[in-house]
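# Analysis of the macromolecular model
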Amino acid sequence: MGTSVMIGTAAEKDTEQVLKLQYLCYQSEAELYGDYTIEPLTQSLDALRAEMAAGRVLVARLGDEIVGSVRGRVEADGSAAIGKLMVHPRLRRHGLGGRLLTAMEELLAEESATERFRLSTGHRSEGNLRLYRRLGYAAVETEEVTRRLSLVTLEKRRPAATVPVAELAAAG
């Protein structure tokens, strides 16, 4: 009998496991850009603790193992910033990234009534870009960070609340 992946809020005790997963997951990004000094690979445990305390962190668990994670926070302008979406390499391309991203959008929208979600990824990260576009994000800005790396910022508006068809029929 298999164990299903469960998504929930990260706890303080998860910090070290999230950092280890981050280090594993961002190896492919570092290789893609030829830069192993990217922030996810150099972030300290204390810096991660501070980041987790300042926002929301969801984790995907397969039994006791954290196999995915995403972070989010609401900015001063009311938009939601989502970042560091990661899935263990052995579980990629099975929909877990989309589930994590959708769960974070729902959490931030519920807590803050935000109307806009923003995230960024490297310009060569085609898998990431494909996922974000499939989930309704559109590129709004590209910023050159180095000769090798440009960050693409994507944005998505929160869908307007819909009224169930049954309610429309009853009102008419």
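Residues numbered from 1 in each chain as written. Predicted model: local features only at pLDDT ≥ 70, side-chain atom pairs only at ≥ 80, totals over all residues. Heavy atoms only, no water.

## Description of the pairing of strand β6 (residues 138–144)
- Inspection of the sheet shows β6 paired to strand β7 (residues 150–157) by 6 bridges, in the antiparallel sense. Bridge pairing in β7 places E141 opposite T153. (Pairing = 2+ DSSP bridges. Helix = DSSP H or I, 4+ residues; strand = E, 2+ residues; numbered from the N terminus.)

## Notes on the side chain of E155
- Tracing the backbone shows E155 in strand β7.
- A relative accessible area of 16% places E155 in the buried class.
- Of note is the side chain of E155, whose polar atom sits 3.4 Å from the side chain of R116.
- A polar contact is formed between the side chain of E155 and the side chain of R118, at a distance of 2.6 Å.
- In contact with E155, not counting residues within four places along its chain, are R116, F117, R118, G136, Y137, A138 and V140. (Buried < 20%, exposed > 50% of the residue type's maximum accessible area, 1.4 Å probe, protein only. Polar contact = N/O pair within 3.5 Å; in protein donor to acceptor, adjacent residues only side chain to side chain. Contact = heavy atoms within 4.5 Å.)

## Observations regarding the pattern of salt bridges
- If you walk through the whole model with that rule in mind, you get 16 salt bridges.
- Taking the shortest distance from any N to any O, the salt bridge between K20 and E16 comes out at 3.5 Å. A residue pair is termed a helical-turn pair when its members lie 3 or 4 positions apart in one helix, as K20 and E16 do in helix α1 (residues 15–25) at 4 residues.
- In this structure K20 comes out as exposed when scored by relative accessible area, which is 55%.
- Looking at E16, the relative accessible area reads 45%, which means it is partly exposed.
- Close ionic contact of R56 with E111 constitutes a salt bridge, the shortest N to O distance being 3.1 Å. With R56 in strand β2 (residues 56–62) and E111 in helix α5 (residues 96–112), this residue pair connects regions lying 55 residues apart in the sequence. (Salt bridge = Lys/Arg side-chain N within 4 Å of Asp/Glu carboxyl O.)

## Side note on unusual backbone geometry
- Its identity is not glycine, yet K84 carries a phi of approximately 50°, on the positive side.
- Following the sequence through the fold, K84 ends up in strand β4 (residues 80–87).

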